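Residues per chain, in single letters:
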Amino acid sequence: MRITNSMMQERLLRNLQEQGAQYLRASDQVTTGLRNSRISDDPIAGSQVLASDSALRAVEQYRRSVTSVQSRQAAEESTLDQLGDLLSRAKELATAQGSATGNPATRAAAAVEVQSLIDQAISLGNLRFGNDYLFGGLATDAPPFQPNGTYVGTPTGRQAEVGDGILVDTVHSGEELLVTSGVLTSLTALRDALTANNPSGVLASGGPLDTAFNATQITLTEVGARTRNLELTTGSLTALQTALDAKRSAAAEIPLEEAMLNFSAIQTAMRAAYEATSRILQTSLTEYL
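Keep in mind it's a predicted model, so treat the numbers as computed, not measured.

1. Remarks on the side chain of Arg72
Part 1 of the reasoning: Within the secondary structure layout, Arg72 lies in helix H2 (residues 43-97).
Part 2 of the reasoning: For Arg72, a relative accessible area of 11% corresponds to the buried category.
Part 3 of the reasoning: Here Arg72 is in contact with Phe129, Asp132, Leu134, Arg158, Thr170 and Val171, once residues within four sequence places are set aside.

As C-alpha cells, then:
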C-alpha cells in the first residue's frame, strides 16, 4: 500500500490532536488535583470512585443512626435513674409507715405521695423524644401508658441499622420498663396498703419494691452495655471511613509532584512531536516543489 503525503499529514495531525488532549488532561490534573475530569477518561478508576462514594454515604447514614440511638439511650438512662429515685422514696415510705410510728393520718398522707410517684412513673413512661413516644415499642405515635397505668404499646422496642446488616435495639419498651419490672405493681400495692391503713401490707410491699428497684438497675446495666457497643461501632465506622477515603483518594486524586512530572513529560513529548511534524511537512513541501 502506497502511503501518500495526505495520509501522512492526516496521521501527523491526528497524533498532534492526541498529544494536545493529553496536554489538556495533564494541565487539568495540575490545576484540580484530580486524575480524571470525566469517568470516561478512566472507567475503572471512575467506577472505584463511584463505589467509594456510595460506601461513604452509607457510612454517614450509619453514623447518624448511631448518634440517634445514643441520644435515645441517654434519655432511657436518665429515665431509669429517676425511676430508681422514685422506688427508693417509696421504700422509705413503706419502711416508715409499716412501723409502729405510722398512724392513719400519716399513712393517708403517704398514700397521696405514693400516688404522685405513680403518676411520675407513668409520665416517664410516656416520655417523648422528638416526635416519638420513646417507650411505646413499635407504636411511637401515641402515649404508651394510659392514665391508670395500662400499657398499650408493643412488648418489644425498635431496632436501628448501624452497619451493613447490623441491627441494634434502641431502647426498652414501656412494658419492660414499668410492667414486667414490677415498678407499677409494687407502687400500686404500697398505695393501696397505705390507703387501707394496713401496716402489715405496707411493710410487705417493701420486698416487691426492692425487686422492682433491682430490675431497673439490671435494665440500666443493659443500657450501659448497649452504649459501650455503640462506641465500638463508632470506632469501626471511623476506621472504615478512613479506609474508604484513602481508596477514593487513590482513585480520584493525583499528588502534585506526580501531576507536575506528567505535565513536564507531555510538554517534552509535544515539543518533539511538533518538531518532527514540522520537519516532515517541510520535506514533503520540498519534494512537491
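2. Comments concerning the packing of H2 against helix H3 (residues 104-125)
Part 1 of the reasoning: Direction vectors running N to C along H2 and H3 enclose 165 degrees, while the axes themselves pass 10 Å from each other. What the angle tells us is that H2 and H3 run roughly antiparallel. Two packed elements cross with a definite hand, and for H2 against H3 that hand is left-handed. Between H2 and H3, the contacting residues are Thr79, Gln82, Leu83, Leu86, Arg89, Ala90, Leu93 and Gln97 on the first element and Thr106, Arg107, Ala110, Glu113, Val114, Leu117, Gln120, Ala121 and Leu124 on the second.
Part 2 of the reasoning: Considering only residue class, the contact of H2 with H3 consists of nine nonpolar, five polar and three charged.

3. Considering the nonpolar core
Part 1 of the reasoning: Counting residues in hydrophobic clusters, the biggest one holds 34 residues, and the most contacted among them are Leu83, Leu187 and Leu190.
Part 2 of the reasoning: Where this core is concerned, the elements lending two or more residues are H2, H3, helix H4 (174-179), helix H5 (183-195) and helix H7 (206-252).
Part 3 of the reasoning: Leu83 has contacts with Ala121, Leu124, Leu177, Leu178 and Val183, leaving out every residue within four places of it along the chain.
Part 4 of the reasoning: Counting 11 residues, the second largest nonpolar core, distinct from the first, contains Val59, Tyr62, Leu237 and Leu244.

The rules behind these values
Residues numbered from 1 in each chain as written. Predicted model: local features only at pLDDT ≥ 70, side-chain atom pairs only at ≥ 80, totals over all residues. Heavy atoms only, no water. Helix = DSSP H or I, 4+ residues; strand = E, 2+ residues; numbered from the N terminus. Buried < 20%, exposed > 50% of the residue type's maximum accessible area, 1.4 Å probe, protein only. Contact = heavy atoms within 4.5 Å. Axes fitted to C-alpha atoms, helices over the stretch in contact; angles between N-to-C directions. Parallel < 35°, antiparallel > 145°, perpendicular 65-115°, else oblique. Left-handed = near helix turned anticlockwise from the far one by under 90°. Nonpolar A, V, L, I, M, F, W, Y, C, P; charged D, E, K, R; others polar. Core = buried A, V, L, I, M, F, W, Y, C linked by side-chain atoms within 4.5 Å.

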